[in-house]
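# Summary of the model geometry
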Amino acid sequence: METTKRVLVVEDEKAILDAVTAYLERDGYWVTPVGDGAAALEQASRKAFDLVVLDLNLPKVSGEEVCRRIRDVSDVPIIMLTAKGAEEERIKGLEMGADDYLVKPFSPRELTARVRALLRRAHAESDPQRDRMDFGDLSIDLRSHRVHLDGAEIELTASEYKLLVTLARYPGRVYPRMELVEKVLGYDFEGYERAIDSHVKNLRAKLDDDPREPRFIHTVTGVGYRFEAERTVPESTV
Ligand code: CA
């Protein structure tokens, strides 16, 4: 049986804190609610959490600072809560190492779906099958750099392959375009964000992935991209 996942929720608005705590508890998580950044850091140093839900705009210690300090010592998935329209704040949070974000007001369903997606990712990462990633019909062989879709090998350019592996390694994580430029293309000029868009477009065509109804690569409007597919465990080939 799976152990109960522990979630740290950091939010100074009491109504939101209570609501998020209630949604997550209803979904079976063990929740520790705190109301400011200092209390969050104290909790994070005392206990191991499986996931953190973090408001960015906090008293005492800011959400960005909390995010950065947690990231210094841990890979725990972090979902930020941000205000509507606070796009720069959001991108800064993602660059500080947050994995995903929710814009207030959000629905309980949105929250629990994101939490589940990120916990799946954390689970997949602890998978010993590290030289291969399988997502249903899509499989990526990290040793031979071969990608198969529905049983047929698909030819990817070096950049498309790198892009796919970068996204698929952390399903559910939002990647800002700039970060993909650095990781995939290795240079960091503003204009190259367009290059990422065109690589994504080509990769989608090869993966037969419709951006309006994506199976794998989702657009995060104004920010970047996220890979979303459930990791599957391949049958033993021994
Ligand atoms: Ca706040």
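Summarised in this report is the structure supplied together with it. Along each chain, numbering runs from 1 in the same order as the chain's sequence is written. Per-residue local features of the predicted model are confined to residues with pLDDT of at least 70, and side-chain atom pairs are confined, for both listing and counting, to 80 or more; whole-chain, interface and lining totals are unaffected and use all residues. The basis for every side-chain value is the complete set of heavy atoms in the structure, and neither hydrogens nor water enter the calculation.

Bringing the coordination of the calcium ion into the picture now. For Na, K and Ca the donor cut-off is 3.2 Å, and for all other metals it is 2.8 Å, counting N, O and S atoms only; because water is absent from this set, sites may look incomplete. Those donors, Asp-12 (OD), Asp-55 (OD) and Asn-57 (O), are the protein atoms that reach the calcium ion, and they lie 2.1 to 2.4 Å from it. For the calcium ion, all donor residues lie on one chain, and their spacing in sequence is D-x42-D-x1-N. Residue Asp-12 is located in the loop between β1 (6-10) and α1 (14-26), and its partner Asn-57 is located in the loop between β3 (51-55) and α3 (63-73); the two are separated by 45 residues in the primary sequence. Per-residue accessibility, obtained with a 1.4 Å probe over protein chains only, is compared with the maximum for each type, and a residue is labelled buried under 20%, exposed over 50%, and partly exposed between these values. Using a relative accessible area of 35% as the deciding quantity, one classes Asp-12 as partly exposed. Looking at Asn-57, the relative accessible area reads 57%, which means it is exposed. Numbering of helices and strands runs from the N terminus, with a helix taken as a DSSP run of H or I at least four residues long and a strand as a DSSP run of E at least two residues long.

Before going further, it helps to examine the packing of aromatic side chains. Two rings from Phe, Tyr or Trp (for Trp, the six-membered ring) form a pair when their centres are within 6.5 Å of each other. A pair whose planes differ by under 30 degrees is stacked, one over 60 is edge-to-face, and the rest are tilted. Per the counting criterion, the structure on display carries 2 aromatic pairs. Taking 6.0 Å as the distance between ring centres and 15° as the angle between the ring planes, the aromatic pair formed by Phe-216 and Phe-227 counts as stacked. Of this pair, Phe-216 sits in the loop between α8 (192-206) and β11 (217-220) while Phe-227 sits in strand β12 (residues 224-227), placing them 11 residues apart in sequence. For the pair shown, Phe-216 and Phe-227 are each scored as buried. Among the aromatic residues, those joined into a cluster by ring pairs are Phe-135, Phe-216 and Phe-227. Two limits define a charge over a ring: the Lys NZ or Arg CZ must be within 6 Å of the ring centre, and within 35 degrees of the ring normal. Geometry around Tyr-175 places Arg-173 over its ring, the cationic atom sitting 4.3 Å from the centre.

To continue, consider the sheet that holds strand β9 (residues 152-154). Paired strands are those between which DSSP finds at least two bridges. With respect to topology, 4 strands assemble into an open sheet ordered β6-β7-β8-β9, the strand pairing being antiparallel. A strand with exactly one partner marks an edge of an open sheet, and here the two such strands are β6 (132-135) and β9. The sheet shows a mean angle of 20° between the axes of neighbouring strands, direction not considered. In this structure, strand β8 (residues 146-149) lies alongside β9, joined through 3 bridges in antiparallel fashion. Axis lines are fitted through C-alpha atoms, for helices just across the contact stretch, and the angle between N-to-C directions can take any value from 0 to 180 degrees.

At a minimum axis separation of 10 Å, helix α2 (residues 37-46) and α3 run at an interaxial angle of 15°. Considered as vectors, α2 and α3 are oriented roughly parallel to each other. Considering the relative orientation of α2 and α3, their crossing is right-handed. In this structure, α2 uses Gly-37, Ala-40, Leu-41 and Ala-44 to contact α3, whose residues at the interface are Val-66, Arg-69 and Ile-70. Classification convention: Asp, Glu, Lys, Arg as charged; Ala, Val, Leu, Ile, Met, Phe, Trp, Tyr, Cys, Pro as nonpolar; all other residues, Gly among them, as polar. Grouping the constituent residues of the contact of α2 with α3 by class yields 5 nonpolar, 1 polar and 1 charged. Note that the term roughly parallel is reserved for angles under 35 degrees, roughly antiparallel for angles over 145, roughly perpendicular for angles of 65 to 115, and oblique for everything else. Crossing handedness follows the turn of the near helix against the far one: under a right angle anticlockwise gives a left-handed crossing, and clockwise gives a right-handed one. Contacts are assigned to residue pairs with any non-hydrogen atoms lying within 4.5 Å of each other.

What follows concerns the nonpolar core. If you look at soluble globular proteins, the nonpolar side chains tend to sit buried side by side. Among buried residues, the Ala, Val, Leu, Ile, Met, Phe, Trp, Tyr and Cys ones that are joined through side-chain atoms within 4.5 Å form a nonpolar core. With 29 residues, the main nonpolar core has Ile-140, Ile-217 and Phe-227 as its most contacted residues. The set of elements that each furnish at least two residues to this core consists of β6, β7 (138-141), β8, α6 (158-169), α7 (177-185), α8 and β12. Sorting elements by how many residues they give to this core places α6 first, with 6 residues. Sequence-distant contacts of Phe-227, that is, excluding residues within four places in its chain, are made with Phe-135, Leu-138, Leu-164, Leu-167, Ala-168, Pro-171, Gly-172, Arg-173, Phe-216 and Ile-217. With 23 residues, the next largest nonpolar core counts Val-10, Val-52, Val-66 and Ile-78 among its residues.

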